[in-house]
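Breakdown of the fold
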Amino acid sequence: MSTPLQKWVEEQAKLTQPDNIYWCDGSEEEARKLIDIGSKKERIGEHFIFQALNQDKWPNAYLHRSHPTDVARTEHLTFVCHNNKNNSGPNNNWMQPDEAKKLMMKLSAGCMKGKTMYVLPYTMGHPDSPYSKACVQLTDVSYVAVSMRIMTRMSKKAIDKIGESADFVKGIHSVGDFDPEKRYIMHFPDEHLVWSIGSGYGGNALLGKKCFSLRIASWLGLQEGWLAEHMVILGIQDPKGKINYITAAMPSACGKTNLAMLESALPGYKIWTIGDDIAWLNIGPDGRLYAINPETGLFGVAPGTSLKTNPNMLHTLKKKDFYPTLFTNTAFNPETNEPWWEGLDGPIPQNLIDWQGKPWNTQQGTKAAHPNSRFTVSIYNSPTLSKEFDNPIGVPISAIILGGKRTQLIPLVTEALNWQHGVFMGVRNGSETTAAAIHKEGILRRDPMAMLPFCGYNMGDYFQHWLNMGKRMKHPPKIYSVNWFRVDDEGKFIWPGFGENIRVLKWILDRVNNKVGARETPLGLVPELKDLDLKGLDIPLAKLEKLFQVNPLDWKEELQDIKKFLAKFEGNLPQEILTEYESLSAKLKI
Ligand code: GTP
Ligand code: SPV
Ligand code: MN
C-alpha cells in the first residue's frame, strides 16, 4: 500500500515524466553526489550547474551561473489563487484555481523528460517544534536540491512526521525551459500547495522560503492566530550579559542580513543571530510574542558584503568543516579561482569574468557581479549563531523594528506610542525599490511590514490580524521604525550604518528597559540626542538634527500617497488604520 505522499509523487511523475526519481535524505554524502552531478552532467546553457572554487580560500564553495533572464524574483508572474478573488486582495495577482491548475498542467506535461526528479523531504522549523511544518518539494535541478539542503532541515524525519497523512506542504518545481513567457509561481493556499515553473532563482524555486514560509504560512497564521513575517530575529547582549531579543522587518535588499550579523561598534555589546529573513511569531502562554526562524540557511546579497561592512558573514562564508556554500551570479577571478563582487575587500582584480561568464569590460560601466548576486550558506557556520537557534519554542521578543530604504522624510529611529500606532507605522512603511525583484530601481513603493510581495491574502485583513494579535498579548513588544538611508544635501548617507547601527539598537533596549526618556514628534517618540550613544562618531550637529527632522510641509505629498495606498484596500481596511491616518494628518496640521 502506498502512502498519500508516495501517491502524490507518482502522480506528479506521470505528468512531468522524469527519467528517474530520486528521494533525497539530506545526508552530506548525498550533497557531494549532487554537486558532482551538477559539476559534470547538468548544465544551464553552456555552463555546468556548479563550478568548484578555490577550496583553500573558500572551503566547499561552488559558483553557479543562472540563466541570464533568471536573476531575481518575478512578482508579476507570481499568483495567489484563493477560490474567492477578494481573499487574494489588491496586493496579489490572482487566477481562478482551476484555471491556474489547467495552465500549470499544460506547461508541466513532460517537462522533466530526460531529467531526474529529486524528491526533497524537509521541515520548516525544528522537527521538535510545535510550530514546525513537514513539507516535500519536487525539483528537476541539482542546484535547487543542494540549496534546499542548506536552507531547510532536509531529512527522513519529515517523511516520518508526514507518515500516512495527506496533510503535508507540497511544492512542485521545474525549471522548464527557462522561458520567461512560461514562468509562473502559483500558490494554492487552501491546499498548502506551491507550483513553480520556468525559474531556478531563490524566491521562485526554493519553495520552502518565500512561497511557503511567508505566502502560504501567513494564510495559515491568519486562521490559526499567529504571524509569518519577513523579519530578522536577533539577540542583543548588553555589557552586563543580559540578552534581549528583537525582530526587524525590512524589504528585500534593505539590510536584514547585515543587521542579523552585525558586529557591534560599541564595546560590550554583542549580536546573536537567529534568522536573517523569515520569522514565525506565536503568542506564548506568558502573553509574550515568541519567534522562531523556520530556515537553516542564509541566502544573502553578495555585493556590498566585506570585512568592513559584515565581517561575520565573511567568516561564515570561509568557515571550513561544513558542506557546501554556493555563490550565484557573482563575478569570478580566473587567476585565483575565487568569487568576486562589487564592494569586496581589496583592489579590483584584473581580468575578471562577469556573472554571465564573459570577460568583464571595465569600460562598459556594467557590474561584474549581478547586483542581486547571492550566496547560500548554512546558518550553523555563523560565528554569531545564537545558542537559542534550535530552541523549539523560540525566543521572547521585546521589540519589533520596521524599516525601509528612505532617502528623505523618515527619521533614523521612531518609537510608536502603542501597538495600534505601531501597526499603522508598519502599514505606511515604504521603501525605494532595489534589485531583489525585477522592477525599476529607486522608486518609492509602499511596503507594509515589508510584506507586500509576500502576504498570501488580502492585506486589509492582514492589518486587522496584526491589530487582533496586539489585543491578545499581555506583554506586546514595543514597535519602532528605523531608516539607515536618509541622505544629506549632497545625496550622501548621513548615518554610517552597519556596525554603527548598534547605537540605535542600544537606545531601543534602553527604552524597552525604561532607562531613558524620549522626545515626542508628530510621528512618534525619537531620542533626545544626549541619550543616543554617539561616542567616537564624527557627525556634525546640523546633520544629526536632520536625521530626526520632521518637516510638516515635506509630509504633504507623503500623506497623499499613503491615502491613495490605503484606498486600494477599501472594504477590508480596519477603521483603526483610518483613525491613525487622521490622527497623523492632524498632528502634522495638513
Ligand atoms: P533580502 O535577502 O533581499 O531580503 O535582503 P536583506 O534585507 O537581507 O539585505 P542585506 O542585508 O543583504 O543588504 C542589502 C544591501 O544593503 C547591501 O548592499 C548592503 O551593503 C546594504 N546595507 C545593509 N545595511 C546597511 C546600512 O546600515 N547602511 C547602508 N548605507 N547600507 C546598508
Ligand atoms: C528577498 O528577495 O527578499 C530574498 C531573496 O530574501 S528571495 O529568496 O529571492 O526571496
Ligand atoms: Mn528577503
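These numbers were taken from a predicted model, which means no experiment stands behind them. Numbers given to residues run from 1 along each chain, matching the order in which its sequence is written. Whichever chain is written first is A, and whichever ligand is written first is 1; the rest continue in order. Restriction of local features to residues with pLDDT of at least 70 applies here, the model being predicted, together with a cutoff of 80 or more for giving and counting side-chain atom pairs; totals for whole chains, interfaces and linings are based on all residues. The side-chain figures draw on all heavy atoms in the structure; neither hydrogens nor water molecules are used.

1. Brief notes about the pairing of strand β19 (residues 297–301)
Rule in force here: Buried means the residue's accessible area, taken with a 1.4 Å probe over protein chains only, is under 20% of the maximum for its type, while exposed means over 50%, and partly exposed covers the values in between. Per the convention used, a helix needs a DSSP run of H or I reaching at least four residues, while a strand needs a run of E reaching at least two, with both numbered from the N terminus. Any two strands are treated as partners once DSSP identifies two or more bridges connecting them.
With 4 of 5 residues buried, β19 is to be regarded as a mostly interior element. As paired strands, β19 and strand β23 (residues 374–378) are joined by 5 bridges and run antiparallel to one another. From the neighbouring strand, Phe299 faces β23, where its bridge partner is Thr376.

2. A look at the packing of aromatic side chains
Heads up, the rule is: Each Phe, Tyr or Trp ring (for Trp, its six-membered ring) is paired with any other whose centre lies within 6.5 Å, and the angle between the two planes then decides the class: stacked below 30 degrees, edge-to-face above 60, tilted in between. Look at NZ for Lys and CZ for Arg. If either is within 6 Å of the ring centre and within 35 degrees of the ring normal, a charge sits over the ring.
Inspection of every chain in the model, using the stated rule, returns 22 aromatic pairs. Residues Phe327 and Trp341 carry aromatic rings whose centres are separated by 5.8 Å and whose planes lie at 20° to one another, so their mutual orientation is stacked. Of this pair, Phe327 sits in strand β20 (residues 325–328) while Trp341 sits in the loop between β22 (338–340) and β23, and the two are 14 residues apart along the sequence. With respect to class, Phe327 is no different from Trp341; both count as buried. Each residue in the set Trp219, Trp419, Tyr457, Tyr462, Phe463, Trp466, Phe565 and Phe569 is aromatic and connected to the rest through ring pairs, giving one cluster. Here Arg43 stacks its cationic end above the ring of Phe48, 4.2 Å away from the centre of that ring.

3. Examining the pattern of salt bridges
Just so we agree on the cut-off: Think of a salt bridge as a Lys or Arg side-chain nitrogen and an Asp or Glu carboxyl oxygen that are within 4 Å of each other.
The full count for this structure, using the stated rule, is 28 salt bridges. Residues joined in a network through salt bridges with shared partners are Lys209, Lys210, Lys256, Asp277 and Glu295.

4. Examining the coordination of the manganese ion (ligand 3)
Under the convention used in this document: Donor selection uses N, O and S atoms within 2.8 Å of the metal (3.2 Å for Na, K and Ca). Since no water is included, sites may look incomplete. Any site counts as irregular unless it has four donors with all angles between 85 and 135 degrees, making it tetrahedral, or four or six donors with opposite ones more than 155 degrees apart and the rest between 65 and 115, making it square planar or octahedral.
Protein coordination at the manganese ion (ligand 3) comes from Lys210 (NZ), His230 (NE2) and Asp277 (OD), with a distance range of 2.1 to 2.6 Å. Around the manganese ion (ligand 3), the 6 donor atoms sit at angles spanning 66 to 172°, and that spread fits a shape best called irregular. We note that the donor set of the manganese ion (ligand 3) lies within a single chain, spaced as K-x19-H-x46-D. Linking Lys210 in helix α8 (residues 208–224) with His230 in the loop between β13 (227–229) and β14 (231–237), this pair joins segments that are 20 residues apart in sequence. Of the residues examined, Lys210 reaches a relative accessible area of 6% and is grouped as buried.

5. A closer look at the site of ligand 1
To be explicit about the condition: We define proximity as follows: a residue is near a molecule or strand when any one of its heavy atoms falls within 4 Å of that partner. Whenever two N or O atoms come within 3.5 Å, that pair is a polar contact, provided that in protein one can donate a hydrogen and the other can accept it, and provided that, for residues adjacent in sequence, both atoms are side-chain atoms. In these tables, accessible area is a Shrake-Rupley quantity obtained with a 1.4 Å probe, and a residue counts as shielded only by the protein chains included in the view. Here the term charged refers only to Asp, Glu, Lys and Arg, the term nonpolar to Ala, Val, Leu, Ile, Met, Phe, Trp, Tyr, Cys and Pro, and the term polar to all other amino acids, Gly among them.
Inspection of the region around ligand 1 gives 21 residues, with Ala253, Lys256, Thr257, Asn258 and Arg374 positioned closest. In this structure, Gly255 approaches ligand 1 through a main-chain N or O atom, which is 3.0 Å from an oxygen atom. Contact with the protein chains covers 90% of the free accessible surface of ligand 1, which is 670 Å². Mapped by element, the contributors of at least two residues to the shell around ligand 1 are α9 (256–260) and β19. Top contributing element to the shell around ligand 1 by residue count: α9, with 3 residues. For the shell around ligand 1, the class distribution of residues is 10 nonpolar, 8 polar and 3 charged.

6. Looking at the domain arrangement of the chain
Filter applied, for reference: Residue ranges assigned to the domains are those given by an automatic or database domain assignment. Whether two residues touch is decided by their heavy atoms; if any such pair falls within 4.5 Å, the residues are in contact. Once two parts are put together, the accessible area they lose, assessed with a 1.4 Å probe and summed over both, is termed the buried area.
One can read the domain layout of the chain as domain 1 (4–49 + 66–225), domain 2 (228–293 + 387–588) and domain 3 (298–381). Measuring from the centre of the C-alpha atoms in domain 1 to the corresponding centre in domain 2 gives 31 Å. The interface is formed by 38 residues belonging to domain 1 together with 36 residues belonging to domain 2. At the boundary of domain 1 with domain 2, total buried surface from both sides reaches about 3,000 Å², with 58% on carbon and sulfur atoms. For the pair domain 1 and domain 2, the interface holds 4 salt bridges. Between Arg445 and Glu75 there is a salt bridge, and its shortest N-O distance comes to 2.9 Å. Counting every contact that joins domain 1 to domain 2 gives 18 residue pairs in polar contact (both at pLDDT 80 or more). Secondary structure elements with two or more residues in the side of domain 1 that touches domain 2: α3 (85–88) and α8.

7. Digging into the site of ligand 2
Surveying the vicinity of ligand 2 reveals 13 residues, the closest of which are Arg73, Tyr201, Gly203, Lys210 and Ser252. Within the side chain of Tyr201, one N or O atom sits 3.2 Å away from an oxygen atom of ligand 2. The side chain of His230 places a nitrogen or oxygen atom 3.3 Å from an oxygen atom of ligand 2. Surface burial for ligand 2 is 98%, taken as the share of its 280 Å² of free accessible area covered by protein chains. Elements supplying a minimum of two residues to the shell around ligand 2: α7 (202–205) and α8. Residues that form the shell around ligand 2 fall into these classes: 4 nonpolar, 4 polar and 5 charged.

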